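# Structural overview
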Amino acid sequence: MANALLILRGLIGGLTWKLIADAIAALFGRINWTVVLERLLTRILVSVLRWIKELSTNDVIDETVDDIISQLKEKRLAKADEK
């Protein structure tokens, strides 16, 4: 009886981990990674541009940064207008 319980417990434990692994694989398979990467790169680009804008060593860059960010917004990049 004890051996049967050990076998049953190992089987259920193995099935549970396989079920969890399959659920995680299905979740990651459904994510459109190009969209995630695009939004990440847009956020990085906008933050770097705003950081450059805050530097006091240039004058022309302020308007240029605003123009670049507005062009990104016009191209429907979802995260270009976040602050």
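Report on the accompanying structure. Every value quoted in this text rests on a predicted model; they were computed, and no experiment measured them. (Residues numbered from 1 in each chain as written. Predicted model: local features only at pLDDT ≥ 70, side-chain atom pairs only at ≥ 80, totals over all residues. Heavy atoms only, no water.)

### Thoughts on the overall build of the protein chain
Rules: Helical segments are the DSSP runs of H or I of at least four residues, strand segments are the runs of E of at least two, and each set is numbered from the N terminus. When accessible area is computed with a 1.4 Å probe and restricted to protein chains, residues below 20% of their type maximum are described as buried, those above 50% as exposed, and intermediate ones as partly exposed. Between two residues, a contact is recorded if the distance between any of their heavy atoms is within 4.5 Å. A 1.4 Å probe and the Shrake-Rupley method give the accessible areas. Residues count as covered only by the protein chains that appear here.
Counting its regular elements, the protein chain contains three helices and zero strands. Listing every helix and strand of the protein chain by position from the N terminus yields α-α-α. In the protein chain, buried positions account for 11% of the 83 residues. Taking the intrachain contacts of the protein chain between residues at least 6 apart in sequence as the baseline, contacts between residues at least 24 apart amount to 48%. Element-wise, carbon and sulfur atoms account for 64% of the exposed surface of the protein chain, whose accessible area totals about 7200 Å².

### So, the nonpolar core
Quick reminder of the rule: The criterion is simple. A nonpolar core is a set of buried Ala, Val, Leu, Ile, Met, Phe, Trp, Tyr and Cys residues joined through side-chain atoms within 4.5 Å.
In terms of nonpolar packing, the biggest core is built from six residues, these being Val46, Leu49, Val65, Ile69, Leu72 and Leu77. Where this core is concerned, the elements lending two or more residues are helix 2 (33–54) and helix 3 (61–74). Per-element accounting of this core gives the leading share, three residues, to helix 3.

### Focus: helix 2
Note the following rule: Expected helix span is computed as 1.5 Å times (number of residues minus one). The directions considered for the arc are those from the helix axis to the C-beta atoms.
For helix 2, which comprises 22 residues, the first-to-last C-alpha distance of 32 Å matches the rise-based estimate of 32 Å (1.5 Å per residue) to within 8%. Listed as buried for helix 2 are Thr42, Val46 and Leu49. Relative to the axis of helix 2, the buried residues are bounded by an arc of 65° and lie together on one face. Turned more than 90 degrees away from the buried face of helix 2 sit Trp51 and Glu54, all of them exposed. Turning to helix 2, the residues buried within the fold contact helix 3.

### What about the environment of valine 65?
You can see valine 65 is positioned in helix 3. Taking the relative accessible area as the measure of exposure, valine 65 reaches 1% and is therefore buried. Considering only alpha carbons, one finds valine 65 and arginine 50, 15 residues apart in sequence, at a separation of 7.1 Å.

### Brief notes about the pattern of salt bridges
Worth spelling out the cut-off: In the sections that follow, a salt bridge refers to a side-chain nitrogen of Lys or Arg positioned within 4 Å of a carboxyl oxygen of Asp or Glu.
For the structure shown, the criterion picks out one salt bridge. Of the charged contacts in the structure, one is a salt bridge between aspartate 66 and lysine 53, with a shortest N-O distance of 2.6 Å. On the criterion of sequence distance, the pair formed by aspartate 66 in helix 3 and lysine 53 in helix 2 is long-range, its members being 13 residues apart. Its relative accessible area of 39% is what places aspartate 66 among the partly exposed residues.

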